[in-house]
Amino acid sequence: MKLTIGHLYPDMLNLYGDRGNIRCFQKRLEWRGIEAELKYFLSGETVDFSGLDLVLLGGGSDREQELVCRYLKQEKHGFQDYVESGGTMLAVCGGYQLLGKYYKTDRTMIEGLDILDIYTEWDAKRLTGNIILQSSLSKAPVVGFENHGGRTYIGDYSPFGKVVFGYGNTEEAGWEGVIYKNVIGSYLHGPLLPKNPEICDDLLGKALTHKYGEDVSLPPLSDELEHEANRFMADRLMNAKKQS
Ligand code: GLN
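Residues numbered from 1 in each chain as written. Predicted model: local features only at pLDDT ≥ 70, side-chain atom pairs only at ≥ 80, totals over all residues. Heavy atoms only, no water.

## Some points on the packing of aromatic side chains
Aromatic ring pairs are described here by two measures, namely the spacing of the ring centres and the angle between the planes. Taken as a whole, this structure holds eight aromatic pairs when the rule is applied. Taking the centre distance of 4.8 Å and the plane angle of 25° together, the rings of Phe49 and Phe79 count as stacked. Highlighted residues: Phe49 in the loop between β2 (35-41) and β3 (54-57) and Phe79 in helix α3 (residues 76-84), separated in sequence by 30 residues. Pairing Tyr119 with Tyr153 gives two aromatic rings, centres 5.1 Å apart and planes at 20°, and the pair type is stacked. With Tyr119 in strand β7 (residues 119-134) and Tyr153 in strand β8 (residues 142-153), the pair connects residues that are 34 residues apart, well separated along the chain. What makes Tyr153 partly exposed here is its relative accessible area of 32%. Aromatic rings pair up to connect Phe49, Phe79 and Tyr82 into one cluster. Here the guanidinium or amino end of Lys162 rests over the ring plane of Trp175, the centre of that ring lying 5.5 Å away. (Phe/Tyr/Trp six-rings, centres within 6.5 Å; stacked < 30°, edge-to-face > 60°. Helix = DSSP H or I, 4+ residues; strand = E, 2+ residues; numbered from the N terminus. Buried < 20%, exposed > 50% of the residue type's maximum accessible area, 1.4 Å probe, protein only. Lys NZ or Arg CZ within 6 Å of the ring centre and 35° of its normal.)

Laid out in structure tokens, this is it:
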């Protein structure tokens with residue numbers, strides 16, 4: 001078995017180690033004897049979504065996001081077909097916002113790709129810090145780091161998780177991210193997947209199942225260190241919450 005992983009515009013969208021998500025995909029496939037081919041698409045290059053099984057769209061500044069959005073609009077149909085036909089993707093922060101109808105900042109209106117019926121509006125108070133979620137995709141708490149000015153309104157879509165500590169999509173709603181078909185959109189940088197291996201395996205399992213047309217279950221890995229790191233962070237933040 002083999003998965004082809006596309007990293008979209010890492011020269012523009014690669015904040016806080018988003019690239020670590022790619023390393024995590026590769027390693028967890030390799031440890032199970034599954035081949036991983038990596039394709040980078042840099043600014044201005046054409047993305048052939050039909051050859052991809054798994055896509056990472058990272059986060060960036062408002063300015064970089066605006067540029068990337070221009071490139072992606074030229075690829076919109078391929079991108080939309082990829083998502084609608086069950087292609088697997090992780091879109092982080094700026095990348096997550098771009099999937100929606102628009103991102104309105106203090107100085108401009110960035111028209112999004114309109115792949116999901118969600119939208120984002122900027123506010124002067126940045127939502128920054130560590131975050132913990134409870135997600136249906138992971139038994140362990142999902143831990144990460146968020147830093148965004150945008151507030152994302154997801155309407156009736158399912159969120160990625162319920163905020164246990166931190167801010168999430170908006171400060172008030174109590175939810176974080178979005179799940180649509182085999183796409184996860186999330187504000188969690190940090191990077192998300194090495195800290196939360198169950199989420200990585202969920203995406204890998206979906207990509208393999210979609211490609212090979214049968215329910216592919218991944219053999220478990222020991223993940224002792226990963227679980228210890230996850231627990232350490234979750235305990236630290238929950239203790240801080242109790243004391244505040
Ligand atoms: N520019 C966006 C915001 O501030 C996304 C930032 C990011 O990707 N960290 O909301």
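## With respect to the environment of Leu192
Examined against the element boundaries, Leu192 turns out to sit in helix α5 (residues 192-195). In this structure the C-alpha to C-alpha distance between Leu192 and Gly17, which are 175 residues apart in sequence, comes to 9.3 Å. With residues near it in sequence (within four places) discarded, Leu192 still touches Asn21, Leu90, Val142 and Phe160. (Contact = heavy atoms within 4.5 Å.)

## Thoughts on the site of the ligand
Contacts to the ligand come from 16 residues, most closely from Asp62, Gln65, Cys93, Gln97 and Gly150. Gln97 is positioned with one of its side-chain polar atoms (N or O) 2.9 Å from an oxygen atom of the ligand. For the ligand, the protein covers 97% of the area, taking 300 Å² as the surface of the free molecule. Contributing elements (two or more residues each) for the shell around the ligand: α2 (62-74), α4 (94-98) and β8. Here the element with the most residues in the shell around the ligand is β8; it accounts for four residues. Of the residues belonging to the shell around the ligand, the class tally is three nonpolar, 11 polar and two charged. (Near = heavy atom within 4 Å. Polar contact = N/O pair within 3.5 Å; in protein donor to acceptor, adjacent residues only side chain to side chain. Areas by Shrake-Rupley, 256 points an atom, 1.4 Å probe, with all protein chains shown as cover. Nonpolar A, V, L, I, M, F, W, Y, C, P; charged D, E, K, R; others polar.)

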